[in-house]
Amino acid sequence: MWLKLFLLLLYFIVLFMLARIFEAVVWYETGMFATQLVDPFTLSYKKLKTILECRGLGYSGLAEKRDVSELVEKSGDLTHGELYSAIKKEKEHEEAGDSSTTHFSGEMHFYELVEDTKDGIWLVQVIAQDREALLSNFNWGKMVQKVSQFGIRTGTFNCSNDRRSCIRRGWQRSTLIMSVPQTSASKGKVMLKEYNGRRIETEHIFRWMTSHVAHRIKMLHQPKQLVKEWRPDPTHPIKMFLFAHLSQPPAFFSSLSVKFTGRIEFIFVDIRYWDNQSSLSEIGITQSPAYILKMPEGIYRYGNSTGEFLSLAAMDTFLRSVQPEVNDLFVLSLVLINLLAWMDLFITQGATVKRFVVLIRTLGTYNSILLVSWLPVLALLQLSYLDTLYGYSLKLLRYADTTTLASLVRADWTFYSSHPALFLSTYLAHGLLVDYFEKKRRCGNRGQEDSSTNLEWLASLWDWYTSYLLHPIASLQHIPSDHSDWEDDPNFLFERLAFPDLWLRPLVNIDYIKALPTWRFIVVGQQQDSDSSGSHSDTGSTDSPPAGPSRPLHRNRRHKKSLCTQDSDTQLCANTKMDSTYCCQHRNNNSSAEGIPEGASLPCEVESSQQHCDRSAWPCDVLQCSECVVCLENFVSEELLMALPCGHAFHQQCIVVWLAGGRHCCPVCRWPSYKKKHRCD
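Rules and cut-offs
- Residues numbered from 1 in each chain as written.
- Predicted model: local features only at pLDDT ≥ 70, side-chain atom pairs only at ≥ 80, totals over all residues.
- Heavy atoms only, no water.
- Buried < 20%, exposed > 50% of the residue type's maximum accessible area, 1.4 Å probe, protein only.
- Helix = DSSP H or I, 4+ residues; strand = E, 2+ residues; numbered from the N terminus.
- Pairing = 2+ DSSP bridges.
- Patch = residues over 30% accessible without salt bridge, like charges linked within 9 Å, V, L, I, M, F, W, Y side chains within 5 Å.
- Areas by Shrake-Rupley, 256 points an atom, 1.4 Å probe, with all protein chains shown as cover.
- Salt bridge = Lys/Arg side-chain N within 4 Å of Asp/Glu carboxyl O.
- Disulfide = S-S within 2.5 Å.
- UniProt positions renumbered as here; feature names shortened; annotations may be inferred.
- Core = buried A, V, L, I, M, F, W, Y, C linked by side-chain atoms within 4.5 Å.
- Domains from an automatic or database assignment.
- Contact = heavy atoms within 4.5 Å.
- Phe/Tyr/Trp six-rings, centres within 6.5 Å; stacked < 30°, edge-to-face > 60°.
- Axes fitted to C-alpha atoms, helices over the stretch in contact; angles between N-to-C directions.
- Arc of directions from axis to C-beta.
- Left-handed = near helix turned anticlockwise from the far one by under 90°.
- Nonpolar A, V, L, I, M, F, W, Y, C, P; charged D, E, K, R; others polar.
- pLDDT = per-residue confidence, 0-100.
- Right-handed = clockwise from strand over helix to strand, strands pointing away.

On to the pairing of strand S4 (residues 175–181), then. Most of S4 is tucked away, with seven of its seven residues classed as buried. Where burial is concerned, the two faces of S4 agree: the one with Thr175, Ile177, Ser179 and Pro181 and the one with Leu176, Met178 and Val180 are both buried. By the bridge criterion, five bridges tie strand S2 (residues 122–127) to S4 in an arrangement that is antiparallel. Paired with Val126 across the strands is Thr175, a residue of S4. Where S4 lies against strand S5 (residues 190–194), five bridges are found, and the strand directions are antiparallel. Bridged to Ile177 within S5 is Glu194.

Together, Leu3, Phe6, Leu10 and Val14 make up a nonpolar patch on the protein surface, roughly 350 Å² of accessible area in all. Topologically, Leu10 is positioned in helix H1 (residues 2–30).

Here, disulfide denotes a covalent bond that connects the sulfur atoms of two cysteines. Counted by the stated rule, this structure contains one disulfide. Paired through a disulfide, Cys159 and Cys166 show a sulfur-sulfur distance of 2.1 Å. When the S-S torsion is -95°, as for the bridge of Cys159 with Cys166, the disulfide is left-handed. Accessibility classification places Cys159 together with Cys166 in one group, the buried group.

Moving on, we come to the environment of Ile522. The residue Ile522 is located in the loop between strand S11 (518–520) and strand S12 (523–525) in this model. Sequence spacing of Ile522 and Trp618 is 96 residues, and the spatial spacing of their C-alpha atoms is 9.8 Å.

Moving on: the UniProt feature "transmembrane region" (unreviewed entry) in the protein chain. In this structure's numbering, the residues bearing the UniProt feature "transmembrane region" (unreviewed entry) are residues 329–348, 369–393 and 413–437. Taken end to end, residues 329–348 is 90% helix and 0% strand, and its first and last C-alpha atoms sit 29 Å apart. Across residues 413–437, the secondary structure splits into 96% helix and 0% strand, with the terminal C-alpha atoms separated by 28 Å.

Here we come to the nonpolar core. The tendency in soluble globular proteins is for nonpolar side chains to be buried side by side. Counting residues in each nonpolar core, the largest one holds 60 residues, and the members touching the most others are Met143, Met240, Phe266, Tyr291, Leu293, Met315 and Leu319. Top contributing element to this core by residue count: helix H12 (residues 312–322), with six residues. In this structure, this core is formed jointly by two domains, domain 2 (38–96) and domain 3 (97–215), each of which donates at least three residues. In this view, Leu319 contacts Met240, Leu256, Phe260, Ile264, Phe266, Leu293 and Pro324; residues no more than four positions away in its chain are not counted.

Okay, the packing of aromatic side chains next. What the rule picks out here adds up to 25 aromatic pairs. For the ring pair Tyr11 and Phe423, a centre distance of 6.0 Å and an interplane angle of 70° mean the geometry is edge-to-face. Of this pair, Tyr11 sits in helix H1 while Phe423 sits in helix H18 (residues 420–444), and the two are 412 residues apart along the sequence. Classification of Tyr11 by relative accessible area gives buried; the value is 0%. Overall, the relative accessible area of 21% leaves Phe423 in the partly exposed class. Geometrically, the ring pair formed by Phe521 and Phe635 is tilted, given 5.7 Å between the ring centres and 50° between the ring planes. Taken as a pair, Phe521 in the loop between S11 and S12 and Phe635 in the loop between strand S15 (633–634) and strand S16 (640–643) lie far apart in primary sequence, 114 residues in all. The two residues Phe521 and Phe635 agree in class, both being buried. Each residue in the set Tyr11, Phe12, Phe346, Phe423 and Tyr427 is aromatic and connected to the rest through ring pairs, giving one cluster.

Right, let's get into the environment of Asp401. When you line up the elements, Asp401 lands in helix H16 (residues 387–401). What makes Asp401 buried here is its relative accessible area of 12%. Along the chain, Asp401 and Leu319 lie 82 residues apart, while their C-alpha atoms are 9.6 Å from each other. Residues within four places of Asp401 in sequence aside, it is in contact with Ser321, Val322, Ala406 and Arg410.

Within the open sheet, the five strands sit side by side as S6-S8-S7-S9-S10. Their pairing is mixed. Every other strand in the sheet has two partners, leaving strand S6 (218–220) and strand S10 (298–302) as the edge strands with one partner each. Sheet twist, expressed as the mean angle between neighbouring strand axes with direction ignored, is 25°.

Below, the discussion takes up helix H3 (residues 65–75). Every buried residue of H3 is accounted for by Val68, Ser69, Leu71, Val72 and Ser75. The arc that holds the buried residues of H3, viewed along the axis, is 160°, so those residues lie on one side. On its buried side, H3 packs onto helix H2 (45–55) and strand S9 (290–295). Positive backbone phi, approximately 150°, marks Gly76, located one or two places after H3.

Put simply, H2 and H3 touch, their axes get as near as 10 Å, and they point 35° apart. Considering only the axes of H2 and H3, their crossing is left-handed. Contacts between H2 and H3 involve Tyr45, Leu48, Ile51, Leu52 and Arg55 from the former and Lys65, Val68, Ser69, Leu71, Val72 and Ser75 from the latter. Here the residues of the contact of H2 with H3 are counted per class, giving seven nonpolar, two polar and two charged.

Interpreting fine coordinate detail is not advised for predicted regions of low pLDDT. Considering every residue of the protein chain, the mean pLDDT works out to 76; 75% of them sit at 70 or more. Averaged pLDDT values for the elements of the protein chain fall to 36 in helix H22 (residues 571–576) and rise to 92 in strand S17 (residues 649–651). Low pLDDT, under 50, characterises residues 471–505; the stretch is placed with 52 contacts to residues that sit more than four places away or in other chains. Ignoring residues within four places in sequence, the model shows residues 526–610, a span with pLDDT below 50, making 98 contacts including any to other chains.

Glancing now at the pairing of strand S8 (residues 265–270). In terms of burial, S8 is largely enclosed, as six of its six residues are buried. In S8, alternate side chains face the same way, and those of Glu265, Ile267 and Val269 on one face and Phe266, Phe268 and Asp270 on the other are all buried. Two strands pair when backbone bridges link them, and S6 and S8 are joined in this way by three bridges, in the parallel orientation. Bridging from a neighbouring strand, Met219 pairs with Phe268 of S8. Of the strand pairs in this sheet, strand S7 (residues 239–244) and S8 are connected by six bridges, and their pairing is parallel. If you follow Ala244 over to S8, its bridge partner there is Asp270. Crossover S7 to S8 through helix H10 (residues 251–259) is right-handed.

This is the structure in structure tokens:
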């Protein structure tokens with residue numbers, strides 16, 4: 001998890017540096033920065049119209065280029081970045097056409113999207129039954145392109161689909177309907193307005209729309225009104241002011257007032273007929289037009305930093321960062337958590353199918369955790385006594401978002417969101433580099449190298465799934481078993497499905513294995529004759545050769561194992577569920593073949609005549625013995641031993657395999673290996 005966070009942070013740093021490199025390249029080729037101002041009088045008439053359409057100002061009555069240039073200058077300063085963005089968006093809207101238009105199927109569809117939404121502006125073309133539309137397909141396409149860049153959604157309602165609804169609403173002829181929220185409260189009342197103009201032109205229709213949207217904004221025409229509105233207001237602590245020599249605010253400014261209803265109050269100050277400018281100087285306004293964000297922490301002049309263009313998208317990003325809502329934070333966390341999850345595609349090594357399976361699992365896990373984590377957050381935000389904490393959090397956020405670094409981050413966000421191909425290609429390149437270095441690191445560590453193919457990994461995944469179905473305890477390990485129980489007999493699968501033990505077996509966490517006592521078997525010396533230290537009696541064990549300086553202190557391992565250890569030391573005992581008596585019987589028979597009389601019991605304290613073990617290393621509650629009943633081998637010096645709570649000792653590797661295979665009991669006494677055994681003194 002921390003590795004993914006580090007890699008994602010590194011990726012964001014790379015994006016930040018790459019954006020600065022792009023700025024340096026543009027400056028080297030053109031000698032201009034994106035924040036550098038452009039003189040509107042030097043631009044062509046076509047570019048000036050593009051800027052006015054992007055800002056949402058009408059120019060139908062302006063035939064001269066000089067008048068159009070003055071209108072651009074009155075609405076705000078123009079930068080190279082805004083000019084480039086406006087031209088790019090114009091091309092995108094021309095390619096998109098009217099594909100974003102909604103076709104309403106009836107009354108309920110119209111009500112759900114237009115009247116019940118209450119947080120947006122709609123322009124709907126109503127086509128009366130057996131009549132032509134008010135706007136032709138070409139003019140309607142131009143209208144859709146013009147209004148969609150201001151967040152205004154469009155649709156068509158054909159009365160042939162729902163004649164009763166058109167009669168009830170009075171739509172007897174083809175017309176245009178506009179819906180605008182009327183109140184400043186969130187989810188306020190929606191009013192439908194019908195276009196009654198005589199001139200059916202896109203420019204006149206757009207001017208009719210902007211005039212109605214502008215009524216939502218508070219208009220100030222006198223200095224006294226400004227002084228009153230400039231005072232601190234607890235009900236509206238955040239206010240956005242526009243000081244300009246215009247009759248009405250630009251369309252992008254009016255549209256933002258609908259999107260930020262209840263969060264930010266928008267105020268337009270018309271200073272065309274102000275003779276005394278002293279009231280403006282007193283509040284710090286030295287030039288116009290000016291876009292001023294008034295906060296309890298102070299005022300912020302919008303447009304002086306990088307990426308702060310006079311467009312809907314740029315100002316929307318700025319205001320969302322200053323005064324976000326819960327949905328904005330949720331979307332941001334959703335984007336970050338999915339970028340974090342996609343890192344698994346490159347960190348995971350091995351087959352391609354394995355990468356995508358791990359990716360799907362990670363995406364599901366991370367998104368589920370995100371959704372569950374947001375539930376208590378939403379519940380806490382409803383508590384009234386946390387309003388103070390919420391206010392201080394927003395205050396710190398506003399301090400951070402009005403810095404130069406924050407403006408650069410917002411500019412990069414706007415740039416990469418408008419160039420998704422560049423964003424995806426850089427993410428892919430970063431992931432491939434991560435995959436390369438991860439592969440190099442694992443090649444250096446042979447134990448972590450995974451060279452399995454797609455088919456091999458799918459086979460292991462199937463083994464893991466079937467192991468989970470048949471052995472739920474063993475499936476807690478994320479490593480599929482190499483020897484399945486049904487490999488010898490295909491009918492074993494169906495037998496286990498019908499066996500009740502499949503559901504009655506308890507699920508036990510295997511972490512308890514790490515807490516079992518473990519020690520090393522140590523040989524401290526040899527058993528020697530009291531009369532001669534250099535020779536041994538001839539009556540010693542018939543199986544063991546004399547020990548000498550050139551012989552090891554322990555006996556050689558058997559070359560032929562007993563019935564319990566044929567094919568697999570642990571699987572056969574588990575499959576047939578042999579008890580300790582059967583295994584001990586074979587162990588005694590083997591011992592009798594080595595010189596111990598048949599029928600005599602083999603005590604655990606019997607040791608090899610060639611060695612003495614250090615009993616001080618044994619835990620106090622463990623029974624002392626010299627042989628592992630799982631593999632039927634004697635303990636050898638320096639071998640790791642492990643004991644169960646019942647007191648029986650075994651080879652560590654043997655008993656771990658036994659327990660991990662789902663047999664959570666002692667091989668000798670069947671005491672549960674995860675349950676502590678109390679002994680009576």
